[in-house]
Each structure stands twice: as C-alpha cells, then as structure tokens.
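# Commentary on secondary and tertiary structure
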Amino acid sequence: MKTWKMGMALVLMMTAAGCGKEEAGQKSGSDQQQSAPAKVVDTTPVTLKFAIHLPINDEFKQLYIEPIAKKYPHITLELVTANSFKTYDQLIAAGELPDLYISFNGNMPGLKDRGINMDMKSLFQQNKVDLNRFGQNYLDDIQYAATEKGELYGLPLETSFHALYYNKDIFDKFGVPYPKDGMTMEDTYELAKKVTRLDNGVQYRGWDIASIVRLAQPLGLEYIDHKTEKAITSSEGWKRVFQLGQQVYSIPGNEPSKDANKNRLNGFAKERTIAMLNETNLFSRLKEAEKDGLKWDVVQHPFYKDKPNTFGNATVYMVGAVPKTKHMDQVLQVMEVLTSDEVQMNVSRAGRVSPLKNEAVQKAFGQNDETLKTKNLAGIVKSKPVKYPTYLYREIAEPMTEKKFSQILSSNGDVNSGLRELDEEINKAVEAEKKK
C-alpha cells in the first residue's frame, strides 16, 4: 500500500559507528555519526471515536473501515453518525468529543465554532504528507469554504459531482437525439424545447434545472460583497442566471411543480415525465428505478460558454482530526489508510469521485458496478467544480434568492426590478442578524 512517509513511522537507520570497536576506533570523534534510537509506532490497542457525516452503510464500511482494521488491527473505531451540528453539540455537552471526523467543506465554519476542527498544515508537513497527490481544487475547497486564511482542516476523501441525467424513452418516443457531452446551457435549453410535449394527456417536461441556485453555481456567484457586506444579487451574473431560469421554465408545459424538490425526483425516476434533470449523484436511486424499467443515462453537466467544462460547487467530503484528541498518531494512521491509492481505487470503482490525481484511479470510476458500466460515466469527469466561493451570510441569502426567483416566475415579473428588491431584502435581513 502506498502510504505517507509519516514521521512517526520512520525508522532511522543505524550508522556504522556501532558496527565494531575496531572500525569506530579508526575514525575521529568528529567523523563518527551518532546512532539514534528508532521511533517505533505505538501498537497499544486504542479506541477512536469517529464522527461521520456520510451514511454508515455496508458499502461505507467495506470501502473505508475494513482497510483500517486490516492494516492497523490495534485501532478500534467507534462509529458515530454526525450529520448535524446538533449531534456535535450533544457530544460536546456529554464530554464525548470524537477523535476524528468525516464531514464536508461547507460544514467547516460550524465545526470551527465548536472547536471540532483544526488547521493540520503543520502536522502534514511534519509527517511528510504528500498533498500533491490530491487535486488542488479539492484542497482549495476545504481551505476556502470557511475562511480566506487558508486553513487546511483535513484531507479530501470523495466528492460529489454534477451531471445531466436523461430519460432515453422520452427522447426515443419523440425521435429526438439524446443529449451529449459538451453541451452549453443554451444547447440544453434548445434541446428541452424539443421534448417538452403533451402526448395522450401526459405532459412531458424537457428540463428541470433543480434550482436557481444550482444554475448559478457554475459561475461562482456570491450573494454578498465581502468588503461592504452588502448584497450583490442585482449583478449582471445573477441577472443572466435568472433570465436563463425564466426562459427554461417558460417553455410551454415545462413549468415547475408546486412541490418542486419532491416532484422533481419523482418526475424523473418514478413518473418518468421529465426528460432531463441536472443534479448531483443520483446513482443509488436511479439503479433502483432501473429495476422497475427506467431507461436512463448521463452526460456531462451543461456549462456556460465563458466557463467551459465547469459545474457548480463540489461537496467535498474530508477527514480531519479533532484538536483535543489524545491519539493524534493513530488518527494520522487512519487518515493515511483512507487516502491511500488502494482505498481510493475502490472508492472510484464504486462510483464515487476520488479527489486523487492518480489517472488510473480516475479511469476506474464506476467499474465495479454492473449497472454503471453501461452508462456514460466518462462524461461526468470531463468537467471540474467551480472554485468554492467564500460565502457571507449564505444561510440568509440563499433561501431568499430561491424565493425571489419563484415569485418572479409565478408572476412573470421583471428580473431587473426583482433582483433590486432582493438586494434590499437581503441587506435588511443581514442588518437584523448583526443586531442579534
């Protein structure tokens, strides 16, 4: 297994000074090299509390937990599901801090507030961790999702992707060519018009864009300016996105449903009335739907002409140490295994995107899944995520932006005036938050 050259695991070679009295006597004191005791890895049995945001299912255990037990049998992992800040608050209140955690880059601010994460750059340097093995964009996403200071809270394990899923039966029904890799947003819009039809009382929708925020992400748009802390949603970028969203949903028959989130997924996987859907990883759900007859495939996520081969924010799942752990050496051993080429190869084969640069690992994407072998998985990895923005007051501005788009859409309102109103509404909400 290719591993870090970890400082704690290095064995210092004994020099010739201790090989024999005669040889030593032939050298002057200044020539003699002093032998140093080898630093031995502590194999005393230890239990680490491991807080995990990913689903702890059989696949997760097979991919990540079993390799740790195999290489380091002295380490026992106590797995704790931690997919909310409330869980961490409960652990803190009970005095049961974990030793390490898996979370995603967007959670770094909240974990920092709770003293869960730490800047690990110096530890990585001391232990000769090769950061060049990872895609720099994934390291950047960890470093800049929460701060502009560039703290590296851990190492990436896997990341989400954005793709365009399509229903082959709908395209076949209307004799329209399938979507293909390399389409722009405008190309996808034109294609959507061809498969948005009412047929035998069934309304088929050409394209569901998921959300206006998802449509904006490939441009790296933010809601609030960092210097002024004022809203900037009336910018040309947001205007462009709102107008495109309005165009897509203004195709006769392509209007979104009232319960958009629920019916979007059902419309594609169950009811099968949506021809194209841009989303993150839906493999597990679509594999189940395929057993019931859904014929689907996937292509590269559509992109903006001036941002080729770029999709939206990547959710980068990462592993990091909790600063108060008493077992940092063992935590580093766990991190070593999780990010090894061997483990990451299996991660990729399972249809999860590995953050390693390793070309063989990248090419193995989805190869272990019989269903995925027939899909255009190569298209997914033709694009890279946008650099993760350093949002201010995202929890306030993002839902307000979604709400404003829905209002404009339902009233066929003017985008320019609507976005100016949105700026004012966000500014008021932020000011109110500051006064709390």
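It should be emphasised that the depicted structure is a prediction, and the values quoted were computed from it without experimental measurement.

So, about the overall build of the protein chain. The helix and strand tally for the protein chain stands at 18 helices and twelve strands. Taking contacts inside the protein chain between residues at least 6 apart in sequence as the whole, the part at least 24 apart equals 75%. Counting only carbon and sulfur atoms, one obtains 48% of the accessible surface of the protein chain, whose full area is about 21,000 Å².

This part covers the packing of helix α10 (residues 236-249) against helix α17 (residues 394-411). Relative to each other, α10 and α17 sit at 50°, their axes nearing to 11 Å. Regarding the angle of α10 to α17, the classification is oblique. At the point where α10 passes α17, the crossing takes the right-handed sense. Residues W238, F242, G245, Q246 and Y249 of α10 pack against T401, K404, F405, I408 and L409 of α17. Broken down by class, the residue content of the contact of α10 with α17 amounts to six nonpolar, three polar and one charged.

Listed as buried for helix α14 (residues 341-349) are D341, V343, Q344, M345, V347 and S348. Structurally, α14 contributes buried residues whose contacts are with α2 (58-71), β4 (155-159), α13 (328-338) and α15 (359-363). Just beyond α14, the residue with positive phi is G351, at close to 90°.

Along the chain, E158 falls in strand β4. Taking the relative accessible area as the measure of exposure, E158 reaches 8% and is therefore buried. Side chain to side chain, E158 and Y64 meet in a polar contact 2.7 Å long. Within the local environment of E158, its side chain forms a polar contact with the side chain of R352, the two groups lying 2.9 Å apart. Not counting the four nearest positions on each side in its chain, E158 is found in contact with L54, Y64, T315, V316, Y317, V347, R352, V353 and P355.

Two faces belong to every sheet, and in a regular strand the side chains alternate between them. Most of strand β8 (residues 274-279) sits out of view: six of its six residues are buried. Taken together, the four bridges between strand β5 (residues 163-167) and β8 define a ladder with antiparallel strand orientation. Note on β8: the bridge partner recorded for Y165 is L277. Where strand β7 (residues 202-208) and β8 come together, three bridges link them in parallel fashion. Residue pairing in the sheet places R205 in a bridge with I274 of β8.

A few words on the environment of H301. Within the secondary structure, H301 is located in the loop between β9 (296-300) and β10 (310-311). Residue class for H301 comes out buried when judged on its relative accessible area of 2%. With 137 residues separating them in the primary sequence, H301 and L164 have C-alpha atoms 4.9 Å apart. Residues within four places of H301 in sequence aside, it is in contact with H162, A163, L164, M183, M185, N278, F311 and S383.

A separate point is the pairing of β9. Of all five residues in β9, five are buried; the element is thus mostly enclosed. Here β5 runs beside β9; their pairing, made up of five bridges, is antiparallel. Note on β9: the bridge partner recorded for Y166 is D297.

Now for the pattern of salt bridges. Scanning the entire structure with this criterion turns up 26 salt bridges. The partner of K382 in a salt bridge is D181, and the shortest N-O contact between them spans 2.9 Å. Taken together, the residues span a long stretch of sequence, with K382 in the loop between α16 (377-380) and β12 (384-385) and D181 in the loop between α7 (168-173) and α8 (185-195) at a distance of 201 residues. A relative accessible area of 22% places D181 in the partly exposed class.

What counts and what doesn't
Residues numbered from 1 in each chain as written. Predicted model: local features only at pLDDT ≥ 70, side-chain atom pairs only at ≥ 80, totals over all residues. Heavy atoms only, no water. Helix = DSSP H or I, 4+ residues; strand = E, 2+ residues; numbered from the N terminus. Contact = heavy atoms within 4.5 Å. Areas by Shrake-Rupley, 256 points an atom, 1.4 Å probe, with all protein chains shown as cover. Axes fitted to C-alpha atoms, helices over the stretch in contact; angles between N-to-C directions. Parallel < 35°, antiparallel > 145°, perpendicular 65-115°, else oblique. Left-handed = near helix turned anticlockwise from the far one by under 90°. Nonpolar A, V, L, I, M, F, W, Y, C, P; charged D, E, K, R; others polar. Buried < 20%, exposed > 50% of the residue type's maximum accessible area, 1.4 Å probe, protein only. Polar contact = N/O pair within 3.5 Å; in protein donor to acceptor, adjacent residues only side chain to side chain. Pairing = 2+ DSSP bridges. Salt bridge = Lys/Arg side-chain N within 4 Å of Asp/Glu carboxyl O.

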